[in-house]
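Overview (structure and organization)
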Amino acid sequence: MKNYIKMYLQLVCIGLLLVSCNQTDEKKLAINTVNTNLNTTIESKVDSLLAIMTLEEKIGQMNQYNGFWDVTGPVPENGDAAKKYDDLRKGLVGSMLNVRGVKDVRAVQKIAVEETRLGIPLIIGFDVIHGYKTISPIPLAESASWDLEAIKKSAEVAAEEAAAAGINWTFAPMVDISRDARWGRVMEGSGEDTYLSSKIAVARVKGFQGEDLSAHNTIAACAKHFAGYGFAESGRDYNTVDVGTSTLYNTIFPPFQAANEAGVRTFMNSFNELNGVPATGNKYLQREILKHQWGFSGFVVSDWGSIAEMIAHGHAKDGTHATELAVNAGSDMDMESNLYVNELVTLVKEGKVDEQLITDAARRILRVKFELGLFDDPYKYCNEEREQSVTGSKEIQDAVLDMAKKSIVLLKNENNVLPLKKEGQKIAVIGALANDKTSPLGSWRIGADDGTAVSVLEGLKVYSGNQITYAKGADLVYGQTVFARELDINVSDKSGFAEAKQVAKQADVVIMVLGEHGFQSGEGRSRADIDLPGVQQELLEEVYKVNKNIVLVLNNGRPLSINWADEHIPAIVEAWHLGTQSGNAIAQVLYGDYNPSGKLPMTFPRSVGQLPLYYNSKSTGRPNMPSPGEVFWSHYTDVSNTPLYPFGYGLSYTTFNYTNLKVNVVSNNTVEVSVKLTNTGKLNGKEVVQLYMQDLFASVTRPVKELKGFELVELNPNESKTINFTLSKNELGFYSNEGKFLLEPGDFKVYVGGSSNTTLEAKFTLE
Ligand code: NOJ
């Protein structure tokens, strides 16, 4: 064992003695923590360490820096980087983000462990959003699988690959509900529904963190962005959020609460203001709800620079004030505002920040470091051989391929155009995205290398003996880098149309791969129009003139409005951004090797003007046209109220039938529901059986329908199965405007089917 660790352990023993003399004070430090399930051994080690830490060192734990120099290169000498390097050596850095790869992580960890007074290891954070190097589908796509086991597995392999590269903390899952497809970050969440998102949040947290956080292949997860980020006005990223308490308690909070109950070890606050107070400086959110009411025992990291951004929000006077507001509100770690490290000591000395809050924040951070096992072995994530053998391993590739197939949603399949025949077909493949090996990786995949995805063109060639010709038709974007402005500009060059029409004319089937480039969604990528970008719509219409037998494969990070395609194109496949194995997954679905089973996690609108559009809306006082031609009811005069494709919608190559819906009220907080599902088609297939509920009248109005249960069921042709659901208190009740959970008597409806627009219904009453 290295000398510094020995020294550290000796100090811990001294600390233990000190702590035992000072129990009462120590207990006071457990501010806001009501969690009783804490590991007592870890707690006493944390106590011991805190007892020997200076105020500066505790504040150091609360400071997170971005990787500030090429760790393999020379030590920085000038400016910001030099100061950060110096801070690291002084023990004034608790965490770094965006340092990855064993070599680099080891280099920074070595400084923290060997050069600082106490040798406290760093926690290394990274955005492992949908994979690290091997990329799984974007989270919105994964959610379309409704397959919690597969989603968990996807997080598990992402954790394994990231952990092998030195990372021990991911800034995922994002559990923000969003109802606005204009918001670029819908790609990173689970869609519009609170119930589905809560289940997925649990699956992802469990996948990342595993059964044992101290294992070398698990990493700490982070529920973000607390809270309300997905409700940005007009879908414009970072914009103001102003929502009522009913939405906050019933729609926004539950996935966070579910993540907390699943044991998520960190939370990230958020860029937005919520009802006038920036989330980062929001005491109600962080101290009252999260740490007090929910008993969260991990730590809260700010979002990037969000402490300093409170000045631009008009909430803080300057950096010092922002620091004071953030710490008092419960933001434990400062991501890159560089304020805590510079301002906090003075604020404590001036009595503006209570030192107990600093100790509490440091305690939370140290607790997670102990849980990760970093004190037992700070280099436990730094094994070069493991990095070599795990990165891109077969197990990981298989898992992301499996996830990718399951994420695909069949939107239309007139006259069973799909699945395609594997032999004897002349197939024309058209569209820049068909031949793109980078775009399928999607947004938020910083660890992956460009050009590492299997393209659709490659996949189609592997899975069939058909004759395949390709024409680009039109470019989609100029550049391919994350920050390139050009990505926002769509080209107008139509010179490739003629070639595209030529190959289409000679083909039996045309596969057109259209949609958004991987970087057209994600952070900072809000769109005011959500139709096919650039000249792709024109290309589609031109090709249609010469061959109507088109399969449209969509690549996108958000719902699109594709009315013309829905009206004219016989087959439409929603293939999102599916990651490294994209082309293989799409080919397997197009050729019928995998029968599509995905269901939309977000409503597809007819027009961007309908947004926000979501299935679980309220009724209004004038929900229906009272008589033909009547004007005064809740509607648009130029577009229907209905979506193009509703939440929960998705087809299969087989068909399913629902019968025998039965409801049994067992008690006022237990209702049993059953339904018979039959595969009425010719192929084996999977169906997501969805149960929706409506509380017909309540002290606070309830949505017209709310998802309250689902089950993924696989059936052979002609096979039937009875599916049983139990609605208990959690499903039957709701939160009042004061945040109190209510279970009210009254009349209810249940709907069961394969989409949110199902009409199979039954009634029940609670006394
Ligand atoms: C800003 C994003 O909002 C957040 O989700 C992410 O984790 C951090 N940047 C770190 O990259």
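When helices and strands are tallied, the protein chain shows 23 helices and 25 strands. For 767 residues, the compact-globule formula gives about 27 Å, and the C-alpha radius of gyration of the protein chain, at 27 Å, lands near that figure. The principal-axis extent of the C-alpha atoms belonging to the protein chain is close to 80 × 65 × 50 Å. Here the protein chain, with 767 residues, has 62% of them falling under the buried criterion. Taking contacts inside the protein chain between residues at least 6 apart in sequence as the whole, the part at least 24 apart equals 78%. Of the roughly 28,200 Å² that the protein chain leaves accessible, carbon and sulfur atoms contribute 48%. Here the protein chain holds 75 positive side-chain charges and 93 negative ones, and the gap between their average locations is 2 Å.

With that settled, consider the packing of aromatic side chains. For the structure shown, the criterion picks out 28 aromatic pairs. On the numbers, 5.1 Å between centres and 85 degrees between planes, the contact of Trp146 with Phe710 is edge-to-face. Residue Trp146 is located in the loop between helix H7 (139-143) and helix H8 (148-164), and its partner Phe710 is located in strand S20 (residues 706-715); the two are separated by 564 residues in the primary sequence. Judged by relative accessible area, which is 1%, Trp146 ranks as buried. What makes Phe710 buried here is its relative accessible area of 15%. Look at Tyr238 and Phe271: their rings are 5.2 Å apart centre to centre, the planes differ by 90 degrees, and that puts the pair in the edge-to-face class.

Counting through the fold element by element, Ala164 comes out in helix H8. Judged by relative accessible area, Ala164 falls into the buried class, the value being 1%. For Ala164 and Glu387, which are 223 residues apart along the polypeptide, the C-alpha to C-alpha distance reads 4.6 Å. When residues no more than four places from it in sequence are discounted, the contact partners of Ala164 are Val102, Tyr381, Asn383, Arg386, Glu387 and Val390.

Right, let's get into the nonpolar core. Ranked by internal contacts, the top residues of the largest apolar core, which has 159 residues, are Phe226, Phe253, Phe267, Met512, Val551, Trp576 and Leu590. Discounting residues that sit within four places of it in the chain, Trp576 has contacts with Ile138, Leu140, Ala141, Ala144, Ser407, Val409, Leu554, Asn555, Asn556, Leu600, Pro601 and Phe604. The next biggest cluster of nonpolar side chains, apart from the first, holds 22 residues, and it includes Val673, Leu715, Leu727 and Leu732.

Right, let's talk about empty space enclosed by the protein for a bit. This model, assessed by the stated rule, comprises five cavities of 30 Å³ or more. The space that makes up the largest cavity amounts to roughly 90 Å³. Taken together, Glu57, Gln61, Gly91, Val93, Ala112, Thr116, Arg117, Leu118, Gly119 and Ile120 make up the lining of the largest cavity. Looking at side-chain class alone, the lining of the largest cavity contains four nonpolar, four polar and two charged residues. Of the pockets and cavities examined, the second largest cavity occupies roughly 80 Å³. Within the residue set of the lining of the second largest cavity, elements represented by two or more residues are H7, H8 and helix H9 (194-209). The element that contributes the greatest number of residues to the lining of the second largest cavity is H8, accounting for four residues. Of the residues that constitute the lining of the second largest cavity, the class distribution is seven nonpolar, four polar and two charged.

In the neighbourhood of the ligand, 13 residues make up the surrounding shell, with Asp127, Arg185, Lys224, His225 and Asp303 lying closest. In this structure, Asp127 approaches the ligand through a side-chain N or O atom, which is 2.4 Å from an oxygen atom. Arg185 places a side-chain nitrogen or oxygen 2.6 Å from an oxygen atom of the ligand. Considering the ligand on its own, with 290 Å² of exposed area, one finds that the protein chains cover 95% of that surface. Taken together, the residues of the shell around the ligand sort by class into seven nonpolar, one polar and five charged.

What follows concerns the pattern of salt bridges. With the rule as written, the count across this model stands at 42 salt bridges. A salt bridge links Lys708 to Glu706; the nearest nitrogen and oxygen atoms lie 4.0 Å apart. The buried category is assigned to Glu706, whose relative accessible area is 13%. Residues joined in a network through salt bridges with shared partners are Asp127, Arg185, Glu188, Lys224 and Glu523.

Bringing the confidence of the model for the protein chain into the picture now. Confidence in the prediction for the protein chain averages 93 pLDDT; 93% of positions are at 70 or higher. Element-level mean pLDDT values for the protein chain span from 35 in helix H2 (residues 23-28) up to 99 in strand S16 (residues 571-574). The low-confidence segment residues 1-34, where pLDDT is below 50, has 53 contacts with residues more than four positions distant or belonging to other chains.

This brings us to the pairing of strand S13 (residues 467-471). Of the pairings in the sheet, the one linking strand S12 (residues 426-430) to S13 comprises five bridges and is parallel in character. When the bridges of S13 are listed, Ile430 appears paired with Ala471. This β-α-β element, S12 to helix H18 (residues 456-462) to S13, shows right-handed connectivity.

Reading guide: rules and limits
- Residues numbered from 1 in each chain as written.
- Predicted model: local features only at pLDDT ≥ 70, side-chain atom pairs only at ≥ 80, totals over all residues.
- Heavy atoms only, no water.
- Helix = DSSP H or I, 4+ residues; strand = E, 2+ residues; numbered from the N terminus.
- Rg over C-alpha atoms; globule rule 2.2 N^0.38 Å.
- Buried < 20%, exposed > 50% of the residue type's maximum accessible area, 1.4 Å probe, protein only.
- Contact = heavy atoms within 4.5 Å.
- Areas by Shrake-Rupley, 256 points an atom, 1.4 Å probe, with all protein chains shown as cover.
- Lys, Arg positive; Asp, Glu negative; His and termini not counted.
- Charge placed at Lys NZ, Arg CZ, Asp CG, Glu CD.
- Phe/Tyr/Trp six-rings, centres within 6.5 Å; stacked < 30°, edge-to-face > 60°.
- Core = buried A, V, L, I, M, F, W, Y, C linked by side-chain atoms within 4.5 Å.
- 1 Å grid on protein atoms, 1.4 Å probe; cavity = no way out; pocket = protein on both sides within 12 Å on 5 of 7 lines; lining within 4 Å.
- Points joined across faces, edges and corners; volume = space filled by probe spheres on them.
- Nonpolar A, V, L, I, M, F, W, Y, C, P; charged D, E, K, R; others polar.
- Near = heavy atom within 4 Å.
- Polar contact = N/O pair within 3.5 Å; in protein donor to acceptor, adjacent residues only side chain to side chain.
- Salt bridge = Lys/Arg side-chain N within 4 Å of Asp/Glu carboxyl O.
- pLDDT = per-residue confidence, 0-100.
- Pairing = 2+ DSSP bridges.
- Right-handed = clockwise from strand over helix to strand, strands pointing away.

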